[in-house]
Amino acid sequence: AGKSTSFRLVSEEDTARFAAAVASGLRAGDTLLLSGPVGAGKTHFARHLIQSLLTETEDVPSPTFT
């Protein structure tokens, strides 16, 4: 609890791979805070994280506006 870690990802592919890796380690009750300026890739990360947890592929709307 209270653990904070920062990562710098340089491509959309790196972000997608990292999101899938993070998703595999998440457990019920875990919380992630995505912080960064507009265009930093927060939505891209969130979409790939959510998609990696789904059993069937589906479109994931922007978590920002949901």
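Anything mentioned here points back to the structure above.
Rules used in this analysis
- Residues numbered from 1 in each chain as written.
- Predicted model: local features only at pLDDT ≥ 70, side-chain atom pairs only at ≥ 80, totals over all residues.
- Heavy atoms only, no water.
- Axes fitted to C-alpha atoms, helices over the stretch in contact; angles between N-to-C directions.
- Helix = DSSP H or I, 4+ residues; strand = E, 2+ residues; numbered from the N terminus.
- Parallel < 35°, antiparallel > 145°, perpendicular 65-115°, else oblique.
- Left-handed = near helix turned anticlockwise from the far one by under 90°.
- Contact = heavy atoms within 4.5 Å.
- 1 Å grid on protein atoms, 1.4 Å probe; cavity = no way out; pocket = protein on both sides within 12 Å on 5 of 7 lines; lining within 4 Å.
- Points joined across faces, edges and corners; volume = space filled by probe spheres on them.
- Nonpolar A, V, L, I, M, F, W, Y, C, P; charged D, E, K, R; others polar.
- Salt bridge = Lys/Arg side-chain N within 4 Å of Asp/Glu carboxyl O.
- Core = buried A, V, L, I, M, F, W, Y, C linked by side-chain atoms within 4.5 Å.
- Buried < 20%, exposed > 50% of the residue type's maximum accessible area, 1.4 Å probe, protein only.

1. Here we look at the packing of helix H1 (residues 12–25) against helix H2 (residues 42–53)
What describes two packed helices is the angle between their axes and the distance between those same axes.
And step 1. Where H1 contacts H2, the two axes come as close as 8 Å, and the packing angle between them is 45°. In terms of axis orientation, H1 runs oblique to H2. For the pair H1 and H2, the sense of crossing is right-handed. On H2, the residues touching Glu12, Thr15, Ala16, Phe18, Ala19, Ala20, Val22 and Ala23 of H1 are His44, Phe45, His48, Leu49, Ser52 and Leu53.

2. Digging into the layout of surface pockets
In this approach, a probe sized like a water molecule rolls over the atoms, and the result shows the empty space that is left.
And step 1. Counted as a void, the largest pocket has a volume near 1,000 Å³.
And step 2. Every residue lining the largest pocket is counted, 28 residues in all, and those nearest its centre are Thr5, Phe7, Phe18, Leu33 and Leu34.
And step 3. Broken down by secondary-structure element, the contributors of at least two residues to the lining of the largest pocket are H1 and H2.
And step 4. Looking at which element gives the most residues to the lining of the largest pocket, the answer is H1, with four residues.
And step 5. Of the residues in the lining of the largest pocket, the class split is twelve nonpolar, eleven polar and five charged.

3. Topic: the pattern of salt bridges
And step 1. Across all of its chains, the model carries one salt bridge by this definition.
And step 2. For aspartate 14, the salt bridge goes to arginine 17, with nearest N and O atoms at 2.7 Å. Of the two residues, aspartate 14 and arginine 17 both sit in helix H1, three residues apart, roughly one turn of that helix.

4. Points about the side chain of threonine 15
And step 1. Mapped onto the elements of the fold, threonine 15 is located in helix H1.
And step 2. In contact with threonine 15, other than residues within four places in its own chain, are Leu9, Gly41, His44 and Phe45.

5. Brief notes about the environment of leucine 32
And step 1. Relative to the helices and strands, leucine 32 is located in the loop between H1 and H2.
And step 2. C-alpha of leucine 32 to C-alpha of alanine 46: the two residues are 14 residues apart in sequence and 9.8 Å apart in space.
And step 3. Look past the residues within four positions of leucine 32 in its chain and what remains in contact with it is Val22, Leu26, Phe45 and Leu49.

6. Describing the nonpolar core
And step 1. Within the largest apolar cluster, five residues are counted, these being Ala19, Val22, Ala23, Phe45 and Leu49.
And step 2. When contributions to this core are tallied by element, the ones reaching two or more residues are H1 and H2.
And step 3. A total of three residues in this core trace back to one element, the largest contributor, which is H1.
And step 4. When neighbours within four sequence positions are excluded, alanine 19 is seen to be in contact with Phe45, His48, Leu49 and Ser52.

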